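An overview of the molecular structure
The chain contents come next:
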Amino acid sequence: MDPMVVNWLLEGDPAIRWQVQRDLLGAPPEVYLQERQYVAEKGWGAALLARQDPANTWGGGIYSPKWISTTYTLLLLRQLGLPPENPQAQSACALFWQYGLYKDGGINFFRSFKHSETCINGMLVGLLSYFRDPDERIHSVVDFLLRDQMADGGWNCERVHGASHSSFHTTISVLEGLTEYRLAYPEQGGRTLPASQRGHEFLLLHRLYHSHRTGEIADPAFTRMVFPPRWHYDFLRALDYFQSIQHPVDERMREGIELLQHKQTIDGMWLNYQSWQGKVFFKLEAAGTTGRWNTLRALRVLKWWTGSR
């Protein structure tokens, strides 16, 4: 690992620095956890927290407008590594329950929907678990997700409308949510492992981003590297997920690893891609420039890949 690249990463936002210390340098917890505290006090994390309104929401809404709503702001704060006990985040998470549970056991923000939306509930389980929301109804939401798993091992928010094949987007959101749930509720979380393993196999059978019908790239957007991903799937989001759970390396990931290596610049970094269109409070990094987020994520994926073989 190039020391110059690591030093450049360490010159970035606290959200970058603490993850570099933990994931690339192997620093002890007392070092990176101290740095992590600065996420709420400086830089991107502090700037997002400052935009919370008196109603404890962001953007004046729970799920919209995208990408400045409460849901998407909390997703970003989780990715930055905001400490779970942050009171602003916890007060916002409590708002997710304002409609209670829908009849299918999930959370339904939209009364025009006659079902709970799977992708959203995957995200909500991740947020409620990460920020340690105490409401026991979260177990019902997890049950909803487990019942909603499809025969091919993944999930699709369009299943209720007749979809017969899982969605990459929905699957990664649910997998991330179930992982956070197992960390927050280790005693109850074990029951989700078989479902997650089936979800992993769905992604691996598709070699992370290929069509099950043609073998070609299922969507060119899956080969981009966008941070933050919002609800969108891409190959680096999948690889970073697998490294985060220390999944055994699998040869069906190799094509994604080679694509990641191919995208590395001559100076050992990775570029930013154009963000998903929508409202933002501010841009983290400019598109087309070398990006600390993509460089950090790529390096820890490659460290995991090479170190596990």
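Just so it is clear, the model here is predicted, and its values are computed rather than measured.

All right, on to the packing of helix H5 (residues 70–80) against helix H7 (residues 118–130) then. At a minimum axis separation of 10 Å, H5 and H7 run at an interaxial angle of 55 degrees. Between H5 and H7, the angle is such that the two are oblique. In this structure, H5 meets H7 at a crossing whose hand is left-handed. Between H5 and H7, the contacting residues are Thr71, Tyr72, Leu74, Leu75 and Arg78 on the first element and Met123, Leu124, Gly126, Leu127 and Tyr130 on the second. Among the residues forming the contact of H5 with H7, the class breakdown is seven nonpolar, two polar and one charged.

The next thing to look at is helix H8 (residues 138–147). Taken together, the buried positions of H8 are occupied by Ile138, His139, Val141, Val142, Phe144 and Leu145. At its buried positions, H8 is contacted by H7, helix H9 (168–184) and helix H10 (186–189).

Running from N to C, H9 and helix H11 (residues 193–205) point in directions that differ by 145 degrees, and their axes come no closer than 10 Å. In the crossing of H9 with H11, the sense of the turn from one axis to the other is left-handed. Across the interface between the two elements, Phe168, Thr171, Ile172, Leu175, Leu178 and Arg182 from H9 touch Leu193, Ser196, Gly199, His200, Phe202 and Leu203 from H11.

With that settled, the discussion passes to the pattern of salt bridges. Following the criterion strictly, the structure yields 13 salt bridges and no others. Note that Arg237 is salt-bridged to Glu176, the shortest N-O span being 2.7 Å. Separated by 61 residues along the polypeptide, Arg237 in helix H12 (residues 235–244) and Glu176 in helix H9 bring together distant segments of the chain. As far as burial versus exposure is concerned, Arg237 and Glu176 are alike and both buried. Several salt bridges converge on common partners, so that one network encompasses Arg22, Asp23, Asp240 and Arg300.

Criteria and thresholds
- Residues numbered from 1 in each chain as written.
- Predicted model: local features only at pLDDT ≥ 70, side-chain atom pairs only at ≥ 80, totals over all residues.
- Heavy atoms only, no water.
- Axes fitted to C-alpha atoms, helices over the stretch in contact; angles between N-to-C directions.
- Helix = DSSP H or I, 4+ residues; strand = E, 2+ residues; numbered from the N terminus.
- Parallel < 35°, antiparallel > 145°, perpendicular 65-115°, else oblique.
- Left-handed = near helix turned anticlockwise from the far one by under 90°.
- Contact = heavy atoms within 4.5 Å.
- Nonpolar A, V, L, I, M, F, W, Y, C, P; charged D, E, K, R; others polar.
- Buried < 20%, exposed > 50% of the residue type's maximum accessible area, 1.4 Å probe, protein only.
- Salt bridge = Lys/Arg side-chain N within 4 Å of Asp/Glu carboxyl O.

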